[in-house]
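Chain by chain, the residues run as shown.
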Amino acid sequence: MDYKQAREYLNGLSGKGSILGLERMRSLLELLGNPQDKLRFIHISGTNGKGSVLAYISTVLTGAGYKTGRYISPTLFSYRERIQVDEKEIERESLACHVTSISEAIEKMKAMGEDIPTLFEAETALAFLYFMEKQCDIVVLETGLGGKEDATNVISTAILEIITSISMDHTAILGDTIEKIAAEKAGIIKDNTIVVSAHQHPEAEKVIIETCLKKNCSFQKADYSRISDICYDYEKQSFSYRSWKNVSISLAGSYQIQNAALALEAVEALRKIGFSLSDRQVYDGFLRTRWRGRFTVIRKNPVVILDGAHNPSAAEELRKSLDLYFKGKNLYYIFGMFKDKDYKKVIEITAPLARHIITIETKDNPRAMPAKELAEAVAEINPSVESSESIYQAVSETMSLASEEDIIVVFGSLSFLGEAEKSVAKYRKALCSNVSEKGHIMERVNKICAHSLWKSCVEIINELEKERIFCGHDISHFLDVARLAYIENLERNLNISKELIYAAALLHDIGRQLEYLENIPHDKASAMLAGDILKDCGFELHEQNEIITAIAQHRNPETAKRDNLAGLIYRADKKSRQCLFCKSEKLCSWSINKKNLNLNV
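All of the points below concern the structure found in this document. The shown structure was predicted, so the numbers you read here are calculated from the model rather than taken from an experiment.

The rules behind the values
Residues numbered from 1 in each chain as written. Predicted model: local features only at pLDDT ≥ 70, side-chain atom pairs only at ≥ 80, totals over all residues. Heavy atoms only, no water. Pairing = 2+ DSSP bridges. Helix = DSSP H or I, 4+ residues; strand = E, 2+ residues; numbered from the N terminus. Axes fitted to C-alpha atoms, helices over the stretch in contact; angles between N-to-C directions. Contact = heavy atoms within 4.5 Å. Buried < 20%, exposed > 50% of the residue type's maximum accessible area, 1.4 Å probe, protein only. Polar contact = N/O pair within 3.5 Å; in protein donor to acceptor, adjacent residues only side chain to side chain. Phe/Tyr/Trp six-rings, centres within 6.5 Å; stacked < 30°, edge-to-face > 60°. Lys NZ or Arg CZ within 6 Å of the ring centre and 35° of its normal. Disulfide = S-S within 2.5 Å. Patch = residues over 30% accessible without salt bridge, like charges linked within 9 Å, V, L, I, M, F, W, Y side chains within 5 Å. Areas by Shrake-Rupley, 256 points an atom, 1.4 Å probe, with all protein chains shown as cover. Salt bridge = Lys/Arg side-chain N within 4 Å of Asp/Glu carboxyl O. Parallel < 35°, antiparallel > 145°, perpendicular 65-115°, else oblique. Left-handed = near helix turned anticlockwise from the far one by under 90°. Nonpolar A, V, L, I, M, F, W, Y, C, P; charged D, E, K, R; others polar.

**What about the sheet that holds strand β11 (residues 244-249)?**
Sheet strands line up and pair through hydrogen bonds in the backbone, either parallel or antiparallel.
For step 1, the next point in the chain: In spatial order, the strands read β9-β10-β11; together these three strands make up an open sheet with antiparallel pairing. Two strands in the sheet have a free side with no partner beyond their single neighbour: β9 (227-231) and β11. For this sheet, the mean angle separating the axes of adjacent strands, direction not counted, is 20°.
For step 2, the next point in the chain: Sitting on the sheet, helix α9 (residues 256-272) is in contact with β9, β10 (237-241) and β11, with an inclination near 50° to β10.

**Let's talk about the environment of Glu-133**
For step 1, the next point in the chain: Within the fold, Glu-133 resides in helix α5 (residues 119-133).
For step 2, the next point in the chain: The class for Glu-133 is partly exposed, based on a relative accessible area of 37%.
For step 3, the next point in the chain: Along the sequence, Glu-133 and Lys-466 sit 333 residues apart, while their C-alpha atoms lie 46 Å from each other.
For step 4, the next point in the chain: For Glu-133, the residues in contact, after removing those within four places along its chain, are Ser-94 and His-98.
For step 5, the next point in the chain: In terms of polar contacts, Glu-133 uses its side chain to reach the side chain of His-98, at 2.6 Å.

**Side note on the packing of aromatic side chains**
For step 1, the next point in the chain: Taken as a whole, this structure holds 13 aromatic pairs when the rule is applied.
For step 2, the next point in the chain: Linked through ring pairs, Tyr-234, Phe-295, Tyr-325 and Phe-326 together constitute an aromatic cluster.
For step 3, the next point in the chain: In this structure, Lys-426 is placed above the aromatic ring of Tyr-392, and the distance from its NZ or CZ to the ring centre is 4.6 Å.
For step 4, the next point in the chain: In this arrangement the basic side chain of Arg-444 is found over the ring face of Phe-539, its NZ or CZ atom lying 4.4 Å from the centre.

**Section: the side chain of Glu-121**
For step 1, the next point in the chain: Position of Glu-121 among the secondary structure elements: in helix α5.
For step 2, the next point in the chain: Judged by relative accessible area, Glu-121 falls into the buried class, the value being 1%.
For step 3, the next point in the chain: Discounting residues that sit within four places of it in the chain, Glu-121 has contacts with Ile-19, Gly-21, Arg-24, Met-25, Leu-28 and Ala-151.

**Remarks on the state of the cysteines**
Here, disulfide denotes a covalent bond that connects the sulfur atoms of two cysteines.
For step 1, the next point in the chain: Applying the stated criterion across every chain yields a total of zero disulfides.
For step 2, the next point in the chain: Cysteine Cys-97 shares no disulfide, and the gap to the nearest cysteine sulfur, in Cys-136, comes to 16 Å.
For step 3, the next point in the chain: Residue classification places Cys-97 among the partly exposed positions, given a relative accessible area of 46%.
For step 4, the next point in the chain: As a non-bridged cysteine, Cys-212 has Cys-217 as the owner of its nearest cysteine sulfur, 5.2 Å distant.

**A look at a nonpolar patch on the surface**
For step 1, the next point in the chain: On the surface, a cluster of nonpolar side chains totalling about 340 Å² of accessible area is made up of Ile-460, Leu-464, Tyr-516 and Leu-517.
For step 2, the next point in the chain: Only α17 (452-464) and α20 (512-518) provide two or more residues apiece to the nonpolar patch.
For step 3, the next point in the chain: By secondary structure assignment, the location of Tyr-516 is in helix α20.

**Focus on the packing of helix α3 (residues 50-63) against α9**
For step 1, the next point in the chain: Where α3 contacts α9, the two axes come as close as 9 Å, and the packing angle between them is 45°. Judged by the inter-axis angle, α3 sits oblique to α9. Pair α3 / α9 crosses with right-handed handedness. Contact residues: Ser-52, Val-53, Tyr-56, Ile-57 and Leu-61 in α3; Gln-256, Asn-259, Ala-260, Leu-262, Ala-263, Ala-266 and Leu-270 in α9.

**What to know about the packing of α9 against helix α10 (residues 279-288)**
Two quantities define a packed helix pair, namely the angle between the helix axes and the distance between the axes.
For step 1, the next point in the chain: With their axes 12 Å apart at the nearest point, α9 and α10 run at an angle of 150° to one another. Relative to α10, the element α9 is oriented roughly antiparallel. For the pair α9 and α10, the crossing hand works out as right-handed. Contacts between α9 and α10 pair Ala-260, Ala-263, Leu-264, Val-267 and Arg-271 from the former with Asp-279, Val-282 and Phe-286 from the latter.
For step 2, the next point in the chain: Tallied by class, residues from the contact of α9 with α10 come to six nonpolar, no polar and two charged.

Right, here's the structure in full:
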């Protein structure tokens, strides 16, 4: 199979829907050689916060040098983002290869008269095969639904289980009491492991502790009363927790402080079982963590927020965050829900705050609540509501209603947030269609050069390198990389935005001073510092991610042949070093294979 055929094959499995149980999964994995048995796992269950906690922990582990797999669901922006190694999505070729193996195994199951797997089960098997192929040191695994009967729970080699906040959700499947739901979530706990739990309802905590006693597991709980020195902001937040002082995070939302505290408890547990995670690696990892779709600001003036608040407890947290950051501001909603969720309760919690609400639905999804029906339900709480035929139409109308000081919140089902982000970017592009590219580019790129953090980094680098006789990392180097990358972009018709190229070039080495002073690899340090600068200078979230990825990969030889922004910056960085003409070439300690001794790198 090629990639397209593999995706079509997987789509063909979606008709079975979601069916709990492990027998199909065990049969499938047996035919595939049980790849999961060759891996170690951190397994995460819970109702809310699983993805954010996964993001914190996996980012820290990757930054500490562990080859780290992450498996998430659902995905918001790309199908392949559900399976990642060191924050890079599974390659199309690997996906196609492993789906081919899975399809052959499923044919054998059919021949034996066995029930065939669901889509989620096939995707989970795909993840295990890929993580084994990449020889991951550790895999951070998020359950899909529940825990005990979830397809991910076929694993037997977990070293740590994390249970995030448990609340009433999926009651028709998991149970109609908090105790029943907690029993399902605690079903991931394996013998003789460490269990880290969020603060829970007393009934849920009792179930978790009883399970730990039966399984001979150690139990530790996040103590939110130990959180102090909180500085809330929708762009960057900080807090202290136990011995961890002034931890900075880039994820917004009032609830993210508690998610981060839970992740710090998990870090302490990992240290106990032998993982080498320095304080600096933890602090840097938390600041670098990105998790799109969870109170994510994707633009300013007006501020547009994406949030996956799709159940009552998440809606409560969304309301708290809006009240915390934007009290007194006009709020506009773009809102969609699944009909099998408690949409009435979500409406009760959120609708009273809004000046105007537009309801939407995810097309071609049988679970989607029709936009008109959802609008009728909203009207019982807030009469200023209308339905829209498309997400782009809803975005366009809301953007035209809101002033630059207002707040737009796109929330509800996770399934449409990716399309919503694209619609916001498309709307912005349409507004800028009459503005010359040069003017638009210079506005944001010049903001980078005027940014206080960027200027400070460059000044420190210049001071640290004032005695350096070899190639430096001043503004002339940044601009050389930008020009060379842009020229190649034109020559090869890659159609990558000039402003993205210049932004990546101006920021790719600004972490040099941290490499000199704290021995942090400058590609990672630069990527960490770039996030705040790009947000302040008006770059959209998808642009920030593309630039940060290019910066993080600009020293990786695997990037060399890629026709994307990362590949351009990698090649331009090499071309900018004209060792062939350097007067200090013979004194340089670089090996011959690192030096650029020709004009056609």
